[in-house]
Structure formats: structure tokens, C-alpha cells
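Listed below are the residues making up each chain.
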Amino acid sequence: MVTFKPVTHVIFDMDGLIFDSEVLYTEMYQAIASRYGKTFTWDVKVQCLGKVSDDSARIFIDRLQLPITIQEFNDSFNELCGEYFLRTKVLPGVERLVRHLNSHKVPIAIATSSKKETFDIKTKNHQEIIGLFNHFVCGPNDPEVKRGKPAPDVFLVCAQRFADKPPPEKILVFEDSPTGVQGALAAGMQVVMVPDSRLDPEFSKDATLVINSMKDFQPELFGLPPFEEKL
């Protein structure tokens, strides 16, 4: 049986991990692509996963050969944000785990590639659960985060903002994207990946643990308090 190192702190990605916002991103990117008679395919989506917005936009524009600039894409995207991101839903198993860790006083935080502006829209209808996190770091807006995922910056900055500043090896990260997994590993942290079911397993092979849903996570594997009840 594979054994994992015990941890004391947990960092969560947000898009596609806490919220179903990756589905909404796909709809928004396709809405923009459709204006030019293009299709936002899965292979392009994979390359965009986990990237900061400008990097994702650059890939989207280049791969679909769109006659627009990154700024023009951002303007179109921002127009759609309010309509789409207020529809975010918490993914299965997330609220149970967040409440469990919070009740056992395990420090938890969010490290995301989302801009603060879109973070605020996505979380607007979920303040009760977001309020359980110690802090959050929005990479594109944070002056201490010099590079986006797959660089480790956002995770290292997030870790340093816990009151007791735990070492990386004591932190467990939850991610859904290959880019995020690379960043967490580069930061020296263990990472549980919850990938999209369409993702080629090759993109998941470096993760410390791969699960199909947050409902499947067993906290005791990493030395965290076990759930009191079974699902």
C-alpha cells in the first residue's frame, strides 16, 4: 500500500476543484469562438487549464487563429463574467471536506489563477463556505506572485500567509489541472488531483494521489482527522 506523508495544512485550487466554473469557462470561450466561426475543442481547453488569464487567452487566440488581441479577448470575456459566473455551483464532496477540516481546526486556504474580480463574482453566492478559509491568493493580482502556474509562486505565497508558516512538506494541495499539479510539486508539496474524466491519464501521473471526486478523499491517508461518518 502506498503511504503518504502526514500534513497539517491544506491549500485548495478553486476553478474546477471547489466550483464547477471550468464548465462555465468552456461555455464562455465557446461563445467568443463562435463569433468567428471557430470551435473551442478539448485539446485546446487542456492547454488552457490552470493558466493565468492572459496566458490562457494567448493560447486560445493562437490555437484558434482568432483575429483579436488579448485585450480584445479580455474585454469580451469580462462582458460575459457577470452572466455566467454567478451560476457557479460547489462540486460534490467539497463542502463536506471544507467543513470537516474547519471543524478540526486544520488551516485551509485557496490558491487560484483567477483574478480577484472574477473570484468575487464566483464566490458571491457561496460566502458561507468561502468564509471557512483562512485566506486566499489570487495570483494575477498579488504582487508577491511573480509567475503563474506551473511555477510554484502562488502556492509558496499562500503557504507563507498561514499564521504558523508551515514548511511545504506539511501542506497538501488539491488541484484539477496538470498545470496546478506541476506548480504544487515544484513548491515541494504533496498534491491530490481530481482531474476531468476526459483528461488523458498521462497528465495525472505525477500527482501524489488521483481521485475521481472529492467525495472519494480519505483525510486519514495524509494524517488528517478521518470523517466521523461514512457517506
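Look above for the structure.
Residues numbered from 1 in each chain as written. Predicted model: local features only at pLDDT ≥ 70, side-chain atom pairs only at ≥ 80, totals over all residues. Heavy atoms only, no water.

Our focus in this paragraph is the state of the cysteines. Counted by the stated rule, this structure contains zero disulfides. Cys48 forms no disulfide, and the closest cysteine sulfur to it belongs to Cys81, at a distance of 15 Å. Not engaged in a disulfide, the cysteine Cys81 finds its nearest cysteine sulfur in Cys138; these two sulfurs lie 13 Å apart. Given the relative accessible area of 4%, Cys81 is considered buried. (Disulfide = S-S within 2.5 Å. Buried < 20%, exposed > 50% of the residue type's maximum accessible area, 1.4 Å probe, protein only.)

With that settled, the discussion passes to the pattern of salt bridges. Inspection of the entire model under this criterion finds 16 salt bridges. The residue Asp196 makes a salt bridge to Arg198 at a minimum N-O spacing of 3.0 Å. Residue class for Asp196 comes out partly exposed when judged on its relative accessible area of 29%. Judged by its relative accessible area of 53%, Arg198 falls in the exposed class. Through salt bridges that share partners, Asp13, Lys149 and Glu175 make up one connected network. (Salt bridge = Lys/Arg side-chain N within 4 Å of Asp/Glu carboxyl O.)

Time to look at the packing of helix 1 (residues 21-34) against helix 3 (residues 53-64). Packing of helix 1 against helix 3 brings their axes to within 12 Å, and their N-to-C directions diverge by 40 degrees. Relative to helix 3, the element helix 1 is oriented oblique. Our pair here, helix 1 against helix 3, has a crossing hand that is right-handed. Residues Tyr29, Ile32 and Ala33 of helix 1 form the contact with helix 3, whose participating residues are Ser56, Ala57, Phe60 and Leu64. Looking at the contact of helix 1 with helix 3, its residues break down into six nonpolar, one polar and no charged. (Axes fitted to C-alpha atoms, helices over the stretch in contact; angles between N-to-C directions. Helix = DSSP H or I, 4+ residues; strand = E, 2+ residues; numbered from the N terminus. Parallel < 35°, antiparallel > 145°, perpendicular 65-115°, else oblique. Left-handed = near helix turned anticlockwise from the far one by under 90°. Contact = heavy atoms within 4.5 Å. Nonpolar A, V, L, I, M, F, W, Y, C, P; charged D, E, K, R; others polar.)

What follows concerns the side chain of Thr179. Mapped onto the elements, Thr179 comes out in helix 9 (residues 178-186). Since its relative accessible area comes to 7%, Thr179 is described here as buried. A distance of 3.5 Å separates polar atoms of two side chains, one belonging to Thr179 and the other to Lys51. In this structure, Thr179 is in contact with Leu49, Gly50, Lys51, Lys149 and Pro150, ignoring residues within four places of it in sequence. (Polar contact = N/O pair within 3.5 Å; in protein donor to acceptor, adjacent residues only side chain to side chain.)

This next bit is on the packing of aromatic side chains. Scanning the entire structure with this criterion turns up 17 aromatic pairs. With a centroid separation of 6.0 Å and 85 degrees between ring planes, the pair formed by Tyr29 and Phe77 is classed as edge-to-face. Within this pair, whereas Tyr29 is found in helix 1, its partner Phe77 is found in helix 4 (residues 70-85), the two being separated by 48 residues in sequence. Comparing Tyr29 with Phe77, the two get one shared label, buried. (Phe/Tyr/Trp six-rings, centres within 6.5 Å; stacked < 30°, edge-to-face > 60°.)

The next subject is empty space enclosed by the protein. Tallied over the entire structure, the rule returns two cavities of 30 Å³ or more. Quantified by volume, the largest cavity comes out at close to 350 Å³. In this structure, the largest cavity is lined by 25 residues; those nearest its centre are Tyr25, Tyr29, Lys51, Ser53 and Ser56. Counting only elements with at least two residues in the lining of the largest cavity, the list comes to helix 1, helix 2 (42-48), helix 3 and helix 4. Of the residues belonging to the lining of the largest cavity, the class tally is eight nonpolar, ten polar and seven charged. (1 Å grid on protein atoms, 1.4 Å probe; cavity = no way out; pocket = protein on both sides within 12 Å on 5 of 7 lines; lining within 4 Å. Points joined across faces, edges and corners; volume = space filled by probe spheres on them.)

A word on the layout of surface pockets. Considered as a void within the structure, the largest pocket measures approximately 400 Å³ in volume. Every residue lining the largest pocket is counted, 20 residues in all, and those nearest its centre are Gly16, Leu91, Val194, Pro195 and Asp196. Of all elements in the fold, only helix 1 and helix 2 reach the threshold of two or more residues within the lining of the largest pocket. No other element matches the three residues that helix 1 contributes to the lining of the largest pocket. Grouping the constituent residues of the lining of the largest pocket by class yields nine nonpolar, five polar and six charged.

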